[in-house]
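Observations on the three-dimensional arrangement
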Amino acid sequence: KAARTHCSEATTQRISTDIAKYAYTANNETTPTLIGFTPNDIDSLHSNPASLNKAISQLGSLVKALNGLMAFDRLSLGNLMSRALAIATSDERSDTTNGSIGEECNFLRFRLGQISEREPTVWFELLVASILSSKAEHDIRSLNPYLSSIAYKTVNSLTIVAMLASIRIGQSHRALSGLSH
């Protein structure tokens with residue numbers, strides 16, 4: 001009986017439409033081919049040394065560009081992770097403190113406690129895992145009561161960008177591995 005409701009029928013129709021669209025797309029995909037590396041181009045490399053040298057040069061340029069991009073992404077990843085942790089632990093503070101001298105002293109006691117490992121501190125893996133939590137901001141801010149909501153949003157954005165950089169590094173590595181075979 002529940003399967004015959006308007007909502008379930010609409011959901012079933014939507015799923016059927018999505019499956020049909022995916023099947024159509026998957027069945028009509030073409031394999032990407034580098035310009036100058038079609039099967040006919042590769043066959044001509046056996047008889048044309050100039051084309052062969054040009055292809056080798058093009059592949060060398062591609063490998064060099066990918067290595068350069070991967071090195072840049074690795075550097076960016078390290079910077080993003082460091083910056084996210086610096087803000088999350090209040091090592092880097094951009095918020096203005098309108099508090100009293102007593103509040104600032106309490107903050108400095110907290111920071112000394114973090115450095116001496118007597119107060120909790122945030123680690124990068126926790127920032128990544130917290131993205132899946134519906135209480136992420138509360139959880140991270142509970143480890144650092146001096147982290148503002150704006151600073152948390154910055155930390156969250158930096159963490160997401162770091163994850164994207166990590167994915168791009170993996171894609172570059174797979175492309176380089178594919179070229180070396």
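Since the model is a prediction, treat every value here as computed from it, not as a measurement.

Here is what the cut-offs are and how they apply
Residues numbered from 1 in each chain as written. Predicted model: local features only at pLDDT ≥ 70, side-chain atom pairs only at ≥ 80, totals over all residues. Heavy atoms only, no water. Salt bridge = Lys/Arg side-chain N within 4 Å of Asp/Glu carboxyl O. Helix = DSSP H or I, 4+ residues; strand = E, 2+ residues; numbered from the N terminus. Buried < 20%, exposed > 50% of the residue type's maximum accessible area, 1.4 Å probe, protein only. Core = buried A, V, L, I, M, F, W, Y, C linked by side-chain atoms within 4.5 Å. Axes fitted to C-alpha atoms, helices over the stretch in contact; angles between N-to-C directions. Parallel < 35°, antiparallel > 145°, perpendicular 65-115°, else oblique. Left-handed = near helix turned anticlockwise from the far one by under 90°. Nonpolar A, V, L, I, M, F, W, Y, C, P; charged D, E, K, R; others polar. Phe/Tyr/Trp six-rings, centres within 6.5 Å; stacked < 30°, edge-to-face > 60°. pLDDT = per-residue confidence, 0-100.

Considerations on the pattern of salt bridges
Using the criterion set out here, one finds three salt bridges in the structure. In this structure, glutamate 137 engages arginine 141 in a salt bridge whose closest nitrogen and oxygen atoms are separated by 3.3 Å. Taken together, the positions of glutamate 137 and arginine 141, both in helix H6 (residues 136–143) and four residues apart, correspond to about one turn of that helix. For glutamate 137, a relative accessible area of 25% corresponds to the partly exposed category.

As for the nonpolar core
Ranked by internal contacts, the top residues of the largest apolar core, which has 22 residues, are Ala84, Ile87, Val122, Leu127, Ile140, Leu147 and Val155. At the level of elements, helix H3 (49–88), helix H5 (124–130), H6 and helix H7 (149–180) are the ones that each hand at least two residues to this core. Take this core: its biggest share by element is eight residues, from H7.

Description of the packing of H3 against H7
Contact geometry for H3 and H7: axes closest at 8 Å, N-to-C directions at 155°. It follows from the interaxial angle that H3 and H7 lie roughly antiparallel. Classified by chirality, the crossing of H7 by H3 is left-handed. A per-class count over the contact of H3 with H7 returns 21 nonpolar, six polar and four charged.

Remarks on the packing of aromatic side chains
Each aromatic ring pair is summarised here by two numbers: the centre-to-centre distance and the angle between the ring planes. Summed over the entire model, instances satisfying the criterion amount to two aromatic pairs. Here phenylalanine 107 and tyrosine 146 contribute two aromatic rings whose centre-to-centre distance is 5.2 Å and whose plane-to-plane angle is 75°, an arrangement assigned as edge-to-face. Here tyrosine 146 lies in the loop between H6 and H7 and phenylalanine 107 lies in helix H4 (residues 101–115), a separation of 39 residues in the sequence. What makes phenylalanine 107 buried here is its relative accessible area of 5%. Classification of tyrosine 146 by relative accessible area gives partly exposed; the value is 29%. Relative to tyrosine 146, the ring of phenylalanine 110 has its centre 5.5 Å away and its plane inclined at 50°; by these criteria the two rings are tilted. With phenylalanine 110 in helix H4 and tyrosine 146 in the loop between H6 and H7, this residue pair connects regions lying 36 residues apart in the sequence.

Some words on the confidence of the model for the protein chain
Per-residue confidence for the protein chain gives a mean pLDDT of 85, with 93% of residues at or over 70. Of all the helices and strands in the protein chain, H4 carries the lowest mean pLDDT, 80, while H5 carries the highest, 92.

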